[in-house]
Every structure is written in structure tokens, then in C-alpha cells.
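Read off the chains here:
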Amino acid sequence: MALTDPSKRLEAMPPYMFAELERRIADKRAAGIDVISLGIGDPDMATYPHIVEAMQAAVAENANQKYPSNRGREEFRQAFSDFYLERFGVDIDPGSEVIPAIGAKECIYNLCFAFLDPGDVALASDPGYPVYTGGPILAGAEVVLLPLLPKRDFAPDLGAIDRLTRERARLLFLNYPNNPSGAVVPEGFFEEVVAFARENEILVVHDNAYSETTYDGYVAPSFLATDGAKEVGVEVFSLSKGFNMTGWRVGAILGNADAISAYWRLKTNVDSGLFDAIQLAAAAALTGPRGPLDEMNAIYSRRRDLVVETLRAIGVDVASPKGTIYVWAPVPDGHSSTSFAEMVLEEAAVVVSPGSMYGRSGEGYFRISLTTPDSRLTEALERLREHLA
Ligand SMILES: *Cc1c(COP(=O)(O)O)cnc(C)c1O
């Protein structure tokens, strides 16, 4: 073994499939071509001013510059408790049912190390956020993919999971409103999840990254609002997308107190908590005005309409999403996800994400993100009309 050989766990990670697409993007840019990316899900607009002001005040305080506690500040836990009650009708005990996470990604990854051993299985939505598959593999466990398909309104078929898999499964990763499909949770599905988790003793991890980003009057529920959810699961809430705070790295885990305690124990060995100033800024975000969120959603829904209209005009049969910052659309006949993304790049100098990036069941789709500034998005859509119609 050579001294820089990575661990077997790292080697077990699936290879990165999109090097070719990225090479082509880099070549075009190097050749001076103005490539517009609609690939990345990172809000283009600024964090809301009241949050930035709270951070500016908090960061200057010496008391906030020390090591934080992994349990989180009282202000942070209380703000989440108040927010969950008012926004979702969910009671959260600030003392035992919520602690900070350094973003949802950290939380999901570390939950794998808190709950999975070699031989265990994690059930992961497919297509889905990559950490649902990467986390379990790095923890030495196995992943079983649960296809999300339009014919089931992008809900996995829990009844189709075989008995042996159910016996070995310890975690179930779900996410609604869903990245990348833009789907919202089908009526009754969370109830079905609670019954399934109880029967099979599987801890549910609901990734709630997009509850505040919804359109057309749709209001997304918390998984924890489902009867019995707190007995079988946790919810990971992120401020990244809804509050334009991706760079701040702030979220929280809420729900089952024993699960949160295990996550806390794991974290005391891994990191030294979430910067106190960021915790105070997050509390200001959660207790602050809703106006900026509503304005942001109005901007995204206008962009969504432009994208959907353009795609339909060039013959793509696309559904208009009620939430998230993505439009998920089938590739035209005769294309794979990557061949379509490559063709769009060649013809229109526009980047769309191949659906296969998000898992096997994403093959046959592409994703467009709504986080490109209006003028650039309009330009990209004009190019699609011109070159692909
Ligand atoms: C963007 C995203 C996240 C990332 O959240 P962070 O809090 O920024 O780590 C988590 N889950 C999904 C589904 C996402 O799309």
C-alpha cells in the first residue's frame, strides 16, 4: 500500500461521473465563450439585512468569540422552539429536542456515524441529496435506494422494500419539498412513514431544507407535525436556502430527544460547535419578519414561470414545482441526462444539471436552478429558445 492510498471507505465512494461535462464547460470558458450556469443551487440574493445586522453586533462581542457549546445557546434553541410552534404547530422542548448543526450537510453526515455500523443499511431517496448515499458509505454501511418516480408523486414505495432490507435498515432519509424533483409531500405519506418506521424500528431523518421556499399558496409542513413523528424521527432544518444563508453554515436538528442526544455525543468528538455569533444571527432570522421570505419566493416563482414557459415552448413536458429552487424536467426522446446536458452546453452555452447526478432514478431528467440573477436567467432562456426550439 502506498503512503497516500486513501481508506477503503473513501475508495468505496462512487466515482465522480461528470468530469467530462466539467471539462467541456472549462474549455468553453477558456475559449472566451460566455457560459451561463443554471446548475448550482445557491441563492444569488443577499442574506436579509436584519440577519446581517444581528451578526455584525454579535461578532463584535468578546463573549461570542469563544468555543461554543455543542448543545447550542438558549437564544438559539428558544428561537427554534418558537418558530416551530408558530410556523408548523409543533411543540419543541428547547432543552432536549433541538440543537444546532453546522448546516444540514454536516448533520446528515454525522447522523450516519451516530447510527450506522458496518452491515447496517440506510434507505435513501433516489434521486436525492448526495450525502444520503455518501454518508452511509463513509460510515462503512450500505445504501438501498428508494426510487422517487412521477407515477407515485415522487414518494418512495415503502411497501416494496423487502423484509431483509427492512430488518437491516436503521435510517430512512426523506426530503420534502424535494431536491431535485421539486415535489412536495403527497397527502398522507408522512403518516405512512411513521407507521413504517414504528413497525420496522427505523429512525426517520427528514431533511427540511426547503419548507420556507414554496409557491402558489402552498405551505410546506414539518414532518414532526405528523402524529407519532417525534417517537420515530428527527427533522434537519437548514437556513441555507430560505434565508439566503448558504455560506453561513447553520441549521438545527429537531425532534426525538434520544436521537438528538446520540448526535450530540458523536459531535462532542468531532467538532466544537456552531459559532455563537452565527447562532444569534440565526435566532434573529427565525424570529424576524416574514416579509423578506415572501419577496424572495415571489422572485423565484416569477423565475420558475419563465423557465417552465420556455421549456414548454421548446417541447419539454415539464411540471411547475410548488416548492424548492429547482425545475425538474424530462430530457427529450433519444437523449440521456448527460447527452442532453452536453448538447445544451454545445448549442446554447448554458449549463443544466444532468439528473443522473442525483442518483440512478434521476436518469432521463435534467435540473434547472432558479438562483441565477434575472438578467442572466432571461439571457439563458432566450438561448434555449433560439437553439433548441
Ligand atoms: C442545499 C441542501 C442542503 C444543504 O443544507 P446546508 O444546511 O447548506 O448544509 C441539504 N439538503 C438538501 C436537500 C439541499 O438541497
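All values derive from a computational prediction rather than experimental measurement.

## Examining the overall build of the protein chain
The number of helices and strands found in the protein chain is 14 helices and 12 strands. Here the protein chain has a C-alpha radius of gyration of 21 Å; the compact-globule value for 389 residues is 21 Å, and the two agree. Counting the 389 residues in the protein chain, one finds 56% classified as buried. Long-range pairs, those at least 24 residues apart, make up 76% of the contacts in the protein chain with a sequence separation of at least 6. Working note: accessible area of the protein chain is about 16,900 Å², and carbon and sulfur atoms make up 51% of it. Charge centroids of the protein chain, computed over 35 positive and 54 negative side chains, lie 3 Å from each other.

## Points about the sheet that holds strand β9 (residues 326-330)
The three strands lie next to each other as β9-β12-β11, forming an open sheet whose pairing is antiparallel. The open sheet terminates on both sides in strands that have one partner only, identified here as β9 and β11 (353-354). In the sheet, β11 pairs with strand β12 (residues 365-369) via two bridges, with the strands oriented antiparallel. Residue P354 lies in a different strand from β12, and its bridge partner there is F366.

## Quick word on the sheet that holds strand β3 (residues 121-126)
Spatially, seven strands are ordered β2-β8-β7-β6-β5-β3-β4 in an open sheet, and the strand pairing comes out mixed. Every interior strand has two partners, whereas the edge strands, β2 (98-101) and β4 (142-147), have only one. Looking at each pair of strands side by side, their axes are set apart by 25° on average, direction ignored. Sheet analysis places β3 next to β4, joined by six bridges and oriented parallel.

## Details of the environment of R23
With respect to the helices, strands and loops of the structure, R23 is situated in helix α2 (residues 19-30). A distance of 3.1 Å separates polar atoms of two side chains, one belonging to R23 and the other to E20.

## Observations regarding the domain arrangement of the protein chain
Often the size quoted for an interface is simply the accessible area lost on bringing the parts together. When the domains of the protein chain are assigned, the result is domain 1 (8-46 + 291-388) and domain 2 (49-287). The C-alpha centroid of domain 2 is placed 26 Å from the C-alpha centroid of domain 1. Residue-level contacts link 32 residues of domain 1 with 36 residues of domain 2. Counting the surface lost from both domain 1 and domain 2, the interface buries some 2,800 Å², and carbon and sulfur atoms represent 61% of this. Here domain 1 is connected to domain 2 by one salt bridge. Between R304 and D216 there is a salt bridge whose closest N-O contact spans 2.9 Å. Linking domain 1 to domain 2 there are 13 residue pairs in polar contact (both at pLDDT 80 or more). At seven residues, helix α12 (residues 291-313) tops the list of elements feeding residues into the side of domain 1 that touches domain 2. When the residues that make up the side of domain 1 that touches domain 2 are grouped by side-chain class, the tally is 18 nonpolar, eight polar and six charged.

## Focus: the site of the ligand
Taken together, the neighbourhood of the ligand is formed by 14 residues, with D207, Y210, S238, S240 and K241 sitting nearest. Contact with the protein chains hides 95% of the accessible area of the ligand, taken as 390 Å² for the molecule alone. Broken down by class, the residue content of the shell around the ligand amounts to five nonpolar, five polar and four charged.

## Side note on the packing of aromatic side chains
In total, this model carries 19 aromatic pairs according to the counting rule given. Ring centres of Y109 and F113 lie 4.9 Å apart, and the angle between their planes is 40°; on these two criteria the pair is classed as tilted. One end of the pair is Y109 and the other is F113, both in helix α5 (residues 104-115) and four residues apart, which spans about a single turn. The class of F113 is partly exposed, set by a relative accessible area of 31%. Three or more aromatic residues joined by ring pairs make a cluster, and in this case those are F76, F80, F83, Y84, F88 and F237. Positioned over the ring face of W264 is R71, at 3.9 Å from the centre of the ring.

## Observations concerning the pairing of strand β8 (residues 251-255)
Counting buried residues along β8, five of its five residues qualify, which places the element largely inside the surrounding structure. Taking every second residue as pointing to the same face, both faces of β8 are buried, with G251, I253 and G255 on one and A252 and L254 on the other. When strand β7 (residues 233-238) meets β8, the two strands line up antiparallel, connected through five bridges. Each residue of the ladder has a partner; that of V234, found in β8, is G255.

## Focus: the packing of helix α3 (residues 49-59) against helix α11 (residues 276-287)
Interaxial distance between α3 and α11 falls to 8 Å at its minimum, and their mutual angle equals 150°. Taken together, the axes of α3 and α11 lie roughly antiparallel to each other. Pair α3 / α11 crosses with right-handed handedness. The residues of α11 that touch α3, namely those facing H50, I51, A54, M55, A58 and V59, are A277, I278, L280, A281, A284 and A285. Of the residues that constitute the contact of α3 with α11, the class distribution is 11 nonpolar, one polar and no charged.

## Re the packing of α5 against helix α10 (residues 257-268)
The contact between α5 and α10 brings their axes to 9 Å, and the two run at 95°. One element, α5, and the other, α10, form an angle in the roughly perpendicular class. On the side of α5, the interface is formed by E106, C107, N110, L111, F113, A114 and F115, while α10 contributes A259, A262, Y263, L266 and K267. Its residues assigned to classes, the contact of α5 with α10 comprises nine nonpolar, one polar and two charged.

Cut-off values and rules
Residues numbered from 1 in each chain as written. Predicted model: local features only at pLDDT ≥ 70, side-chain atom pairs only at ≥ 80, totals over all residues. Heavy atoms only, no water. Helix = DSSP H or I, 4+ residues; strand = E, 2+ residues; numbered from the N terminus. Rg over C-alpha atoms; globule rule 2.2 N^0.38 Å. Buried < 20%, exposed > 50% of the residue type's maximum accessible area, 1.4 Å probe, protein only. Contact = heavy atoms within 4.5 Å. Areas by Shrake-Rupley, 256 points an atom, 1.4 Å probe, with all protein chains shown as cover. Lys, Arg positive; Asp, Glu negative; His and termini not counted. Charge placed at Lys NZ, Arg CZ, Asp CG, Glu CD. Pairing = 2+ DSSP bridges. Axes fitted to C-alpha atoms, helices over the stretch in contact; angles between N-to-C directions. Polar contact = N/O pair within 3.5 Å; in protein donor to acceptor, adjacent residues only side chain to side chain. Domains from an automatic or database assignment. Buried area = accessible area lost by both parts, 1.4 Å probe. Salt bridge = Lys/Arg side-chain N within 4 Å of Asp/Glu carboxyl O. Nonpolar A, V, L, I, M, F, W, Y, C, P; charged D, E, K, R; others polar. Near = heavy atom within 4 Å. Phe/Tyr/Trp six-rings, centres within 6.5 Å; stacked < 30°, edge-to-face > 60°. Lys NZ or Arg CZ within 6 Å of the ring centre and 35° of its normal. Parallel < 35°, antiparallel > 145°, perpendicular 65-115°, else oblique. Left-handed = near helix turned anticlockwise from the far one by under 90°.

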